[in-house]
Amino acid sequence: MFIPVSVEKQYAQADGDALRVLVVGAGIAGLTAAQLLRRGGLHPVLIERGGRNSAAGYMLALMPMVDVALDGLGAHDRYRAASTPLERYAVHGHTGRKLREDSMSAVLARFGDYRGIARGELIDVLSGDGCPITFEATVSELSEGDDGVEVSVCTPDGARRLSFDLVVVADGIHSDTRDLVLPPAAVQVVDTGWGGWVVWAPGDADSDLAEEWWGAGYFAGLYPVKDEVGVFLGGPRTDTAAGPAAFVATARRELDEIGPRLERALTAVQNDPNPYYWALTDCRAPAWTTAHTVLLGDAAAGFLPTAGIGAGMAMESAWVLSRLLRPADRGNLAELLRTYERTQRPRVEAAQDNSRQLASLMFRRSRLLAMAREVAMRFVSVERALRPIQRLLQDQPDAQPQLSALG
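The following paragraphs examine the structure supplied in this document.

The rules we used
Residues numbered from 1 in each chain as written. Predicted model: local features only at pLDDT ≥ 70, side-chain atom pairs only at ≥ 80, totals over all residues. Heavy atoms only, no water. Helix = DSSP H or I, 4+ residues; strand = E, 2+ residues; numbered from the N terminus. Rg over C-alpha atoms; globule rule 2.2 N^0.38 Å. Buried < 20%, exposed > 50% of the residue type's maximum accessible area, 1.4 Å probe, protein only. Contact = heavy atoms within 4.5 Å. Areas by Shrake-Rupley, 256 points an atom, 1.4 Å probe, with all protein chains shown as cover. Lys, Arg positive; Asp, Glu negative; His and termini not counted. Charge placed at Lys NZ, Arg CZ, Asp CG, Glu CD. Pairing = 2+ DSSP bridges. Axes fitted to C-alpha atoms, helices over the stretch in contact; angles between N-to-C directions. Parallel < 35°, antiparallel > 145°, perpendicular 65-115°, else oblique. Left-handed = near helix turned anticlockwise from the far one by under 90°. Nonpolar A, V, L, I, M, F, W, Y, C, P; charged D, E, K, R; others polar. Salt bridge = Lys/Arg side-chain N within 4 Å of Asp/Glu carboxyl O. Phe/Tyr/Trp six-rings, centres within 6.5 Å; stacked < 30°, edge-to-face > 60°. Expected span 1.5 Å × (residues − 1). Arc of directions from axis to C-beta.

Looking at the overall build of the protein
At step 1: From N to C terminus, the protein includes 15 helices and 20 strands.
At step 2: On C-alpha atoms alone, the protein measures out to a radius of gyration of 21 Å, which is about the 22 Å that the 2.2 N^0.38 rule sets for 407 residues.
At step 3: In terms of overall dimensions, the protein has a C-alpha envelope of 65 × 45 × 40 Å along the principal axes.
At step 4: Within the span of the protein, comprising 407 residues, buried residues form 57% of the whole.
At step 5: Within the protein, counting contacts between residues at least 6 apart in sequence, those at least 24 apart form 77% of the total.
At step 6: A total of about 16,400 Å² of accessible surface is found on the protein, and carbon and sulfur atoms cover 50% of it.
At step 7: Positive and negative side-chain charges of the protein, numbering 41 and 51 respectively, have mean locations separated by a distance of 5 Å.

Looking at the pairing of strand E4 (residues 59-62)
At step 1: Neither face of E4 is exposed, since Met59 and Ala61 on one face and Leu60 and Leu62 on the opposite face are all buried.
At step 2: Pairing between E4 and strand E8 (residues 115-118): four bridges, direction antiparallel. Its bridge partner being in E8, Leu60 is matched across the sheet by Ile117.

Some remarks on the packing of helix H2 (residues 28-39) against helix H6 (residues 119-127)
At step 1: In the contact formed by H2 and H6, the axes pass within 9 Å of each other and the chain directions differ by 10°. The orientation of H2 with respect to H6, classified from their angle, is roughly parallel. Handedness of the crossing formed by H2 with H6: left-handed. Each of Ile28, Leu31, Thr32 and Gln35 in H2 lies in contact with H6, whose residues at this interface are Arg119, Leu122, Ile123, Leu126 and Ser127.
At step 2: Tallied by class, residues from the contact of H2 with H6 come to five nonpolar, three polar and one charged.

Quick word on the pattern of salt bridges
At step 1: Applying the stated criterion across every chain yields a total of 25 salt bridges.
At step 2: Put simply, Glu211 and Arg261 hold a salt bridge, and the shortest N to O gap is 2.9 Å. You can see Glu211 sitting in strand E15 (residues 209-214) and its partner Arg261 sitting in helix H9 (residues 260-271), a full 50 residues away along the chain. The same class applies to Glu211 and to Arg261, which are both buried.
At step 3: Sharing partners across several salt bridges, the network here consists of Arg88, Lys98, Glu101, Asp206 and Asp208.

Things to note about the sheet that holds strand E11 (residues 148-155)
At step 1: Spatially, three strands are ordered E10-E11-E12 in an open sheet, and the strand pairing comes out antiparallel. The outermost strands of the open sheet, each flanked by one partner alone, are strand E10 (138-145) and strand E12 (158-164). When strand polarity is set aside, the average angle formed by the axes of neighbouring strands in this sheet is 15°.

Things to note about the packing of H2 against helix H10 (residues 310-325)
At step 1: Direction vectors running N to C along H2 and H10 enclose 30°, while the axes themselves pass 8 Å from each other. It follows that H2 is roughly parallel to H10 by the angle criterion. For the crossing formed where H2 meets H10, the hand is right-handed. Packed against H2, whose contacting residues are Ile28, Ala29, Thr32, Ala33, Leu36 and Leu37, the element H10 presents Ala311, Ala314, Met315, Ala318, Trp319, Ser322 and Leu325 at the interface.
At step 2: For the contact of H2 with H10, the class distribution of residues is eleven nonpolar, two polar and no charged.

Here we look at the packing of aromatic side chains
At step 1: Considering all chains together, one arrives at ten aromatic pairs under this definition.
At step 2: Plain terms: the ring middles of Phe219 and Phe363 are 5.9 Å apart, the flat faces sit at 85° to each other, and that makes the pair edge-to-face. Taken as a pair, Phe219 in strand E16 (residues 219-225) and Phe363 in the loop between helix H11 (333-362) and helix H12 (367-377) lie far apart in primary sequence, 144 residues in all.
At step 3: The exposure class assigned to Phe219 is buried, which follows from its relative accessible area of 3%.
At step 4: Here the aromatic residues Trp194, Phe219, Phe232 and Phe363 are joined through ring pairs into a cluster of three or more.

A look at the sheet that holds strand E19 (residues 293-295)
At step 1: What the six strands build is an open sheet, ordered E1-E9-E3-E2-E13-E19; its pairing is parallel. Edge positions in the sheet fall to strand E1 (2-4) and E19, since each of these pairs with one other strand and no more. Sheet twist, expressed as the mean angle between neighbouring strand axes with direction ignored, is 30°.
At step 2: Here strand E2 (residues 21-24) runs beside strand E13 (residues 166-169); their pairing, made up of four bridges, is parallel. Paired with Val24 across the bridge in E13 is Val169.

Notes on unusual backbone geometry
At step 1: Phi is positive for Glu136, which is not a glycine, with a value near 55°.
At step 2: Structurally, Glu136 is set in the loop between strand E9 (131-135) and E10.
At step 3: The exposure class of Glu136 is partly exposed, given its relative accessible area of 47%.

Brief notes about H9
At step 1: For H9, with twelve residues, the first-to-last C-alpha span of 16 Å sits near the 16 Å given by 1.5 Å per residue.
At step 2: Along H9, the residues classified as buried are Arg261, Leu262, Ala265, Leu266, Ala268 and Val269. Looking straight down H9, one finds its buried side chains confined to an arc of 155°; they lie on one side. Facing away from the buried side of H9 by over 90 degrees, the exposed positions are Pro260 and Asn271.
At step 3: Buried-residue contacts for H9 involve strand E14 (188-202), E15, E16, strand E17 (228-236) and helix H8 (244-254).

Here it is as structure tokens:
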């Protein structure tokens, strides 16, 4: 539960901390980091450029790397109550014929939970019983010196110049605050040229089944959350520019088989008066840290949704960062931030590479290439496709040895 308060009130509570922290952005990464730091005894100032009702949105499939963060927040029971287990995954070819169905639980259960949840529900889980926050607040200026960071925070009531030891930049893939730390041109962007709409369809008896249609010039995905099914329908942006109704008609012409579940999804896209449109791009920052700032989540590495791992890596990163900051003070902060980047950045970028590789396979216009892909997919199980993610789960980070190495 968010508790709206003024930035002045938050800052007054943080003033006595060994480390004064500003967290910019109350999405998945920033909220997780702020709440974990609060559990560790700090009082980070949390600001969000959106309003109080801006937390809704898309569906998430969360891999087991989120478990450490949820345990750190004491939120695992709330998470399970607000989500649904994803036990099965099916993939269909460009005509709609099912190519294969695999057990996700057989692949991931030994590592922990794999569950579907709506983004708004996850925000509620992470904010818990109380999360102080200042809405409609942005950073307009950031000046870093040897002793900390001077930050101009703008709210509807005006601008305040505040001093912090650390600024956590977590305001998303199109972060404005990141542009105050790094030259915008330095951030690498991969644009698939595709995009699509996210809508909600009624829940059904297959609440444990995620399904995807890898089409020629279209892609459809159905991802259950509690009591609903999240729907994504997309294609090349030159085609989706015609609008959802026209693109649904295009997808229908490509499909020889449309079962009841897909029919409900297509109808939901067609009938939604204001569907959320998602342009499928990602980003990768060339550096994550300075002596007094750190990029987190999508601001550091914004993921394509193709592997369903971006939110999980953001929560894992927030947990690693919060653990490393527990013994932090003004004297050792820069070294701890370097340790964080050295520890976490290779993991995140490996997961991002996997998402990019899947995108190059999934987003195809050519029917010939789609047919060749479908032949190969008959022999490629989910277990094989997820081996890079399994390796990440088998070697999950432990911040304690990193702290011990620092002496």
